[in-house]
Amino acid sequence: MTVALDTDTAVRRLRDGMAGGVLSFPLTSFHDDGSLDPDGFRAHVAERIAARPGAVFPACGTGEFFSLDEDEYRTVVTVTVEEAAGRLPVVAGIGYGWAQAVRFARIAEQAGADALLVLPHYLVAAPQEGLVRQLARIASATRLPLIAYQRGQVAFSAGSLRRIAALPNVVGLKDGHSDLDRLQRLTLAAPEGFLFFNGAATAEIQARAYAAVGVPAYSSAVHAFAPEIANRFFAALRDGDDKTVDRLLRDFYVPFVELRDRVPGYAVSLVKAAARLRGCPVGPVRAPLTDPSDTDLADLKALLTTGLDLVGAAL
């Protein structure tokens, strides 16, 4: 088992990683019968790491955390830690209610993860006091740094952000709401050094807007199947190459979002299908998600070919 980084080192490396590359959320590989495919996952995550992301986040939304049992989760995190081999931070997803989140946190800690991403809790809406208490209970049960994830029924106020940021091992926030007014208030309320990153679906679409309120870092689902596109976009955005950014947005990212929005769950299903089109051994999605229809798959293949051609790569 790889020894996890201490909190200060993990935060420093996460900050450096966020500045130097996209945040990669690998897919979880399944066999056709729905069972976990550890060898396929190992190959997939090794390729993601070789594409030089800023950090790798196994068993999160794109990795179908919601469909993994504890043994499968342990395997996914362990394999990621082994493949990362200390070269970049590994941030494992945890979630559900606080009691279950703590169980997953302990598994991730034992597996050698460097930090944890706390996914939105299950089903119910909750007041701000409950959101703070939920995170505090999790934080008190693990030594690992935590990044809160606000999306769906979880949305922190500026006051709540100050309270969770005061917890010793809560170090950042992933935002999936794309409410830039609220996000600006949160960044201004946060202590110096608190980490923020853009976690909107297909985050590149809103990367410029997030950067304008002081949140340039972002997660990239596209990195899971086309790191050539994801890395070119990141470099162009960083370097102020507006022509390349516009071309990739217009000819690839916007059509991809339009295709993604055809069916609920395609934010994961299309990513997996695109990875399969490129020969990645990720297998199908697990129910309740469904794989793309033949028509949508054909459209995806054409779009992926176009996107790769834009950056001088091939399917």
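Shown above is the structure to which this text applies.
How each quantity is defined
Residues numbered from 1 in each chain as written. Predicted model: local features only at pLDDT ≥ 70, side-chain atom pairs only at ≥ 80, totals over all residues. Heavy atoms only, no water. Helix = DSSP H or I, 4+ residues; strand = E, 2+ residues; numbered from the N terminus. Rg over C-alpha atoms; globule rule 2.2 N^0.38 Å. Buried < 20%, exposed > 50% of the residue type's maximum accessible area, 1.4 Å probe, protein only. Contact = heavy atoms within 4.5 Å. Areas by Shrake-Rupley, 256 points an atom, 1.4 Å probe, with all protein chains shown as cover. Lys, Arg positive; Asp, Glu negative; His and termini not counted. Charge placed at Lys NZ, Arg CZ, Asp CG, Glu CD. Core = buried A, V, L, I, M, F, W, Y, C linked by side-chain atoms within 4.5 Å. Pairing = 2+ DSSP bridges. Right-handed = clockwise from strand over helix to strand, strands pointing away. Axes fitted to C-alpha atoms, helices over the stretch in contact; angles between N-to-C directions.

**Student:** When you look at the overall build of the protein chain in this model, what are you seeing that I'm missing?
**Tutor:** Summing up its helical and strand segments, the protein chain has 12 helices and 8 strands in all. By the compact-globule yardstick of 20 Å for 315 residues, the protein chain fits well, its C-alpha radius of gyration being 18 Å. On the principal axes, the C-alpha backbone points of the protein chain span a range of 50 × 45 × 35 Å. Per-residue burial over the protein chain gives 55% buried out of 315 residues. A separation of at least 24 residues holds for 73% of the contacts in the protein chain among residues at least 6 apart in sequence. Accessible surface computed for the protein chain: about 12,800 Å², of which carbon and sulfur atoms make up 52%. One way to put it: in the protein chain the 32 positive side-chain charges average out to a point 5 Å from where the 36 negative ones average out.

**Student:** What is the right way to look at unusual backbone geometry in this model?
**Tutor:** Glycine aside, the phi torsion of most residues is negative, and most peptide linkages are trans. For the peptide bond that leads from Ala287 to Pro288, omega is 20°, which places it in the cis range. Within the fold, Pro288 resides in the loop between helix H11 (266–277) and helix H12 (294–310). The phi dihedral of Ala59 is positive, around 55°, even though this residue is not glycine. Looking at the secondary structure, you find Ala59 in the loop between strand E2 (55–56) and helix H3 (70–84). Of the residues examined, Ala59 reaches a relative accessible area of 1% and is grouped as buried. Located in the positive-phi region is Ala85, a residue other than glycine, with phi close to 50°. Note on placement: Ala85 falls in the loop between H3 and strand E3 (91–94).

**Student:** Help me out: how do you make sense of the side chain of Thr62 in this one?
**Tutor:** Counting through the fold element by element, Thr62 comes out in the loop between E2 and H3. Owing to a relative accessible area of 15%, Thr62 belongs among the buried residues under this scheme. In contact with Thr62, other than residues within four places in its own chain, are Phe25, Pro26, Leu27, Val268 and Val271.

**Student:** It is not clear to me how the nonpolar core should be interpreted in this structure. Could you clarify?
**Tutor:** General note: in soluble globular proteins, nonpolar side chains tend to be found buried as a group. Membership of the largest hydrophobic core comes to 71 residues, with the highest contact counts inside it found for Phe57, Tyr73, Ile94 and Leu117. In terms of residue count, helix H4 (residues 98–111) provides more of this core than any other element does, 7 residues in total. Once residues lying within four places of it in the same chain are set aside, the contact partners of Phe57 are Leu23, Ser24, Phe25, Pro26, Val91, Leu117 and Phe197. Of all hydrophobic cores here, the second largest spans 35 residues; its members include Leu27, Phe225, Ala274 and Leu308.

**Student:** What should I look at first to understand the pairing of strand E4 (residues 115–118) in this one?
**Tutor:** On a regular strand, each side chain points to the face opposite its neighbour's, so the side chains alternate between the two faces of the sheet. A two-sided burial pattern is seen for E4, the buried positions comprising Ala115 and Leu117 on one face and Leu116 and Val118 on the other. Of the pairings in the sheet, the one linking E3 to E4 comprises 4 bridges and is parallel in character. Counterpart to Ile94 in the pairing with E4 is Val118. Handedness of the crossover joining E3 and E4 through H4: right-handed. The β-α-β motif built from E4, the intervening helix H5 (residues 128–139) and the parallel element strand E5 (residues 146–150) has right-handed crossover chirality.

**Student:** Sorry if this is basic, but what is going on with the sheet that holds strand E6 (residues 170–175) here?
**Tutor:** Across a sheet, paired strands are connected by hydrogen bonds in the backbone, their directions being either parallel or antiparallel. As summarised here, the arrangement of the 5 strands in space is E3-E4-E5-E6-E7, forming an open sheet in which the pairing is parallel. Edge positions in the open sheet fall to E3 and strand E7 (195–198), since each of these has one partner strand only. Along the sheet, successive strands turn relative to each other by an average axial angle of 25°, direction set aside. As defined by bridge partners, E4 adjoins E5 across 3 bridges and the pair is classed as parallel. What sits directly across from Leu117, in E5, is Ile147. Strands in contact with helix H1 (residues 7–20) are E3, E4, E5, E6 and E7; relative to E7, the strand with the most contacts, it is inclined by about 35°.

As far as function goes, none of this settles anything; it's purely spatial.
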